[in-house]
Amino acid sequence: MSNLKMKEAALIYLDRSGGLQKFIDNCKSYSDSKQSYAVYRFSILINPSDIIELDAELGNHILHQPLKAAQVFQSVCFIAVKTLSLIEQLQTEAQINILLKLTHLPPLPSYSLDLCEFPLDYTSQRFYMMQGIVIAMTTVTKYTQGARFLCSDEACPLSKGFQYIRVHVPGATESATIRNDFLCNLCSSSLQEDRKFRVLGDKQIVEIITTKALRAFQGYSNNQPFRFQSLTVFLRDELVNEMNIGNEYKIIGIPTCVKTSQTALCIEANSITFFNPKVPSGISDNFRCLLSLTSSSYWKFTAILANVFASQIVPPGTYNLLKLCLLMSLVQTSDRNKELEDCLDLLIITSDILLVDRLLNFSIKLVPRGIRHPVSTEIFPTLSRNKYGTGAVSIQGGSALLAKGGICFIGDLASHKKDKLEQLQSAVESRSITVYISGKKFGDDMDQQMTFPVQCSFWSFVDMDSSSRRNVQKTNTLIGQMDCSLIPANLIEAFGLLINCNESSPCHPLLPTVQHTLKKAIDPEGLLYVASKQFTTEDFEKLLAFAKNLNVEFSLEAERMIHGYYLASRRIRTDSICGSKLSASALKYLVSLSEAHARLNLRNKVLKEDVLIAALLFETSLTLKYGAAVLCVAPNAVFPFELYNEEYLEQRDIYLTECQQQLQQFIATYGPGTAIFASDE
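Residue positions are given per chain, counting from 1 as you read along its sequence in written order. This being a predicted model, a pLDDT of at least 70 is required before a residue's local features are given, and a value of 80 or more before pairs of side-chain atoms are given or counted; all residues contribute to the totals for chains, interfaces and linings. Hydrogen atoms and water are omitted, and side-chain values are computed over all heavy atoms in the structure.

1. Some points on unusual backbone geometry
Step number 1: Located in the positive-phi region is Asp237, a residue other than glycine, with phi close to 55°.
Step number 2: What counts as a helix is a DSSP run of H or I of at least four residues, what counts as a strand is a run of E of at least two, and both are numbered from the N terminus. Relative to the elements of secondary structure, Asp237 occurs in the loop between β8 (231-236) and β9 (248-259).
Step number 3: One non-glycine residue, Leu602, adopts positive backbone phi at about 60°.
Step number 4: Secondary-structure assignment places Leu602 in the loop between α19 (586-600) and β23 (605-606).
Step number 5: Think of it in three bands: residues with accessible area under 20% of the maximum for their type are buried, residues over 50% are exposed, and the middle band is partly exposed, with areas taken using a 1.4 Å probe on protein chains only. We classify Leu602 as buried; its relative accessible area is 16%.

2. Some thoughts on the pairing of strand β15 (residues 407-412)
Step number 1: By the criterion of burial, β15 is predominantly enclosed, with five of the six residues buried.
Step number 2: Two strands are said to pair when DSSP picks up at least two bridges between them. In this sheet, β15 lies alongside strand β12 (residues 370-372) in parallel orientation, the contact comprising three bridges. Bridge pairing in β15 links Arg372 to Phe409.
Step number 3: When β15 meets strand β18 (residues 457-463), the two strands line up parallel, connected through four bridges.

3. Side note on the sheet that holds strand β19 (residues 497-501)
Step number 1: In spatial order, the strands read β12-β15-β18-β11-β19; together these five strands make up an open sheet with parallel pairing. The sheet terminates laterally at β12 and β19, the two strands that pair on one side only. Within the sheet, the average angular offset between the axes of one strand and its neighbour, ignoring direction, is 20°.
Step number 2: We call two residues in contact when some of their heavy atoms are within 4.5 Å. Only the contacting stretch of a helix is used when fitting its axis, a line to C-alpha atoms as for every element, and angles between N-to-C directions run 0 to 180 degrees. Helix α10 (residues 353-364) contacts β11 (346-350), β12, β15, β18 and β19 of the sheet and is inclined by roughly 170° relative to β18.

4. Description of the side chain of Gln660
Step number 1: Summarising the element assignment, Gln660 is placed in helix α21 (residues 646-670).
Step number 2: If near-sequence neighbours (up to four positions away) are discounted, Gln660 is found in contact with Trp299, Met561, Lys608, Glu609 and Leu612.

5. Remarks on the state of the cysteines
Step number 1: Only a pair of cysteine sulfur atoms within 2.5 Å counts as a disulfide in this structure description. Summed over all chains, the structure comprises zero disulfides.
Step number 2: With no disulfide partner, Cys184 has as its closest neighbouring cysteine sulfur the one in Cys187, 3.8 Å distant.
Step number 3: Its relative accessible area of 3% is what places Cys184 among the buried residues.

6. Brief notes about the side chain of Asn601
Step number 1: Mapped onto the elements of the fold, Asn601 is located in the loop between α19 and β23.
Step number 2: Given a relative accessible area of 6%, Asn601 falls into the buried group.
Step number 3: Ignoring any residue separated from it by four or fewer positions in sequence, one finds Asn601 in contact with Leu291, Tyr298, Phe301, Thr302 and Asp610.

7. Quick word on the nonpolar core
Step number 1: Definition used in this section: a nonpolar core is a set of buried Ala, Val, Leu, Ile, Met, Phe, Trp, Tyr and Cys residues joined via side-chain atoms within 4.5 Å. Among the nonpolar cores identified, the biggest contains 152 residues, and Leu322, Phe458, Phe540 and Tyr565 are the most heavily contacted of them.
Step number 2: Take this core: its biggest share by element is 11 residues, from helix α20 (residues 608-626).
Step number 3: Core analysis: the second largest hydrophobic core is formed by 38 residues, Tyr30, Leu58, Phe73 and Leu90 among them.

8. Thoughts on the packing of aromatic side chains
Step number 1: When two rings of Phe, Tyr or Trp (its six-membered ring) have centres within 6.5 Å they constitute a pair, described as stacked for plane angles under 30 degrees, edge-to-face for angles over 60, and tilted for the intermediate range. If you walk through the whole model with that rule in mind, you get 18 aromatic pairs.
Step number 2: When the centroid spacing of 4.6 Å and the interplanar angle of 55° are considered together, the rings of Phe23 and Phe42 count as tilted. In this pair, Phe23 is assigned in helix α2 (residues 19-33) and Phe42 in strand β1 (residues 40-46), connecting sequence segments 19 residues apart. By the burial criterion, Phe23 is buried, and Phe42 matches it.
Step number 3: A ring pair is formed by Tyr565 and Phe666, whose centres lie 6.4 Å apart and whose planes are at 50°; its orientation type is tilted. Of the two residues, Tyr565 is situated in helix α18 (residues 556-572) and Phe666 in helix α21; the sequence distance between them amounts to 101 residues.
Step number 4: On the basis of relative accessibility, which here comes to 4%, the residue Phe666 falls in the buried class.
Step number 5: Taken together, Phe287, Phe301, Phe309, Phe362, Phe535 and Phe540 form an aromatic cluster joined through their ring pairs.
Step number 6: Geometrically, a charge over a ring is one whose NZ (Lys) or CZ (Arg) sits within 6 Å of the ring centre while staying within 35 degrees of the ring normal. Here the guanidinium or amino end of Arg148 rests over the ring plane of Phe197, the centre of that ring lying 4.7 Å away.

9. Thoughts on the packing of helix α4 (residues 56-64) against helix α5 (residues 66-84)
Step number 1: Two elements in contact, α4 and α5, have axes separated by 6 Å at closest approach and are oriented at 125°. Relative to α5, the element α4 is oriented oblique. Residues Leu58, His61, Ile62 and His64 of α4 form the contact with α5, whose participating residues are Pro66, Lys68, Ala69, Val72 and Phe73.
Step number 2: Considered class by class, the residues forming the contact of α4 with α5 number six nonpolar, two polar and one charged. Angular relationships are summarised with four words: roughly parallel below 35 degrees, roughly antiparallel beyond 145, roughly perpendicular across 65 to 115, and oblique for the angles in between. Each residue gets one label: Ala, Val, Leu, Ile, Met, Phe, Trp, Tyr, Cys and Pro are nonpolar, Asp, Glu, Lys and Arg are charged, and the others, such as Gly, are polar.

10. Description of the packing of helix α1 (residues 2-17) against α5
Step number 1: One can describe the packing of α1 onto α5 by two numbers: an axis separation of 9 Å at closest approach and a directional angle of 70°. When the axes of α1 and α5 are compared, the pair comes out roughly perpendicular. Here the hand of the crossing between α1 and α5 comes out right-handed. Contact residues: α1 offers Asn3, Met6, Lys7, Ala10, Leu11 and Leu14, while α5 offers Val72, Phe73, Ser75 and Val76. Helix crossings are classified by the rotation of the near helix relative to the far one: an anticlockwise turn of less than a right angle makes the crossing left-handed, while a clockwise turn makes it right-handed.

11. A few points about the pattern of salt bridges
Step number 1: For this document, the term salt bridge refers to a Lys or Arg side-chain nitrogen within 4 Å of an Asp or Glu carboxyl oxygen. This model, assessed by the stated rule, comprises 20 salt bridges.
Step number 2: For the salt bridge of Arg431 with Asp345, the shortest nitrogen-to-oxygen distance reads 2.1 Å. Of the two residues, Arg431 sits in the loop between α12 (418-430) and β16 (432-437) while Asp345 sits in the loop between α9 (320-330) and β11, which places them 86 residues apart along the sequence. Asp345 carries the same exposure label as Arg431, and that label is buried.
Step number 3: One salt bridge in this structure joins Asp357 and Arg372, with 2.8 Å as the shortest N-O distance. Here the residue Asp357 occupies a position in helix α10, and Arg372 occupies one in strand β12, the gap between them amounting to 15 residues.

12. Thoughts on the environment of Pro255
Step number 1: Note on placement: Pro255 falls in strand β9.
Step number 2: Pro255 sits 11 residues away from Cys266 along the chain, and the two C-alpha atoms are 5.7 Å apart.

13. Comments concerning α5
Step number 1: In a helix, the anticipated span is given by 1.5 Å times the number of residues less one. With 19 residues, α5 ought to run about 27 Å at 1.5 Å a step, and its terminal C-alpha atoms sit 27 Å apart, in line with that.
Step number 2: Positive phi appears at Ser85, one or two residues downstream of α5, with a value of about 50°.

Shown next, in the form of structure tokens:
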């Protein structure tokens, strides 16, 4: 009676939810084909909340005994097919393969599978929900959805018909579905597969890690070694190619245990959804107050941000140019499910590699996808044989794809080999990486290639005082040009911003940094400055999380100015031999810099004042690459004064206003066809 009641509830649910009409439509497709199948596969969408409201026992079966629940729906669907004469070719109930697709699971701890907690339950054969980031995936291969077996004794009644049907169930291997040791229940003769009725489906295997495991790539250790393990997810049929390396997903599925060379925990995916984190609602009170106090200026807020940023690593007032660029690059990251087109790659030339390395490592921890590339791994995807013996090729994502929407900090550029630098240059220029799969090497009939988008910003630095650099004869350079002879010229060109960061110069005394280092050695956790207490690391995290989700648009005058500067710079840096020194991506970087400064100011509109900062940073970078030009920008143009108090901030505003007038004059002179209007016009 209980089983009959559940069948009745299943039929009512199908009718109310529209699932019955969809089932009838699918049956019509099978019937119209006039072809006889061993297995007829139907996918039924299930809302557990609605089911439990209708019939608690059926809902309990779906959540905790999904295989038995599928049998209930299988029986209902078979009766519907026979009663309504939907598929004439269908003979037995065993030929119907029902797949229950859940929309969600109850938001209770017992339905969540946390990869960081042990022991993990893989024996109950019920649904769990988990969340993780894809780090590897295989190519698509085939598996057996279902097969027909016949008794080998021709005199046996079961040597015909569709009595022996094998279908894939979650957690089953290929050998569990197709074997040669099955026996007839009637005469005990061996069963043989009727191969022409075998039904194949698509299969793909992906590996995910919990989001908490990203801490391993951000330098968090607390002096304690730790390890993390990936989880294997099997995708079948309509779920194939629905997951991408680097994306984070919520997965509903049934855990199982697969034995390879060692026992591995896997999950058979039932449904997947892309995970979009919540957008922060605001910033801290201290930053809100600072924004209000500096509202009369277009530049003061970001100047103070740069001044006090990372005071745990360097004293306030040092490395301001670098810190501003880091903040602008961080604010151009994205946690949302969208293509990251406004990347800001930074290449830093420095002799203070220890402090710069600490500063960059501190900064990547402020965004969810800040990845410090481990030296022992690969930056870009690599190929290997799949450990489950499916014949598929496993593609390991690498640091760049794992840092999707964030920052990939690759350390010292000189630590990478020539072929890796060429790969980096290609990826930075095209924002994609292509993997070639040799059919001969991996046992396939033909070669394949897969292209992955590279949606992260790259950070790197070059040590100007390295022994290899000191032994190289410096080439003649132009005024303002850095000697970058050890770095491939094309790679320097590919990076959006080249930053000269050397605080050990006469303009920047070493004493504050030395004092900071000594105090930190004595009290590593101590807050040495008032700014560290007023604007904490958590405050900066909230600020960046809020700012990067702002949708910004260009004002008309900002758009005219940015195009005018680009055309003028391209004109003066073009010669008859080498052509233009400005790459096609130069305009894209100028736009990204302008947007970043507007976002950092928490504005939705890009103003000409934002374009000025972008132009000064970009022109400084061009000067380091090619030497000074007509628009002669000082190396410290963005921060011409030490920011000790309000008076110095006012002087900086006056200086930047003068720079803006010079930029407008430069555009008017060298930017043909560009109109720059004065404010009164």
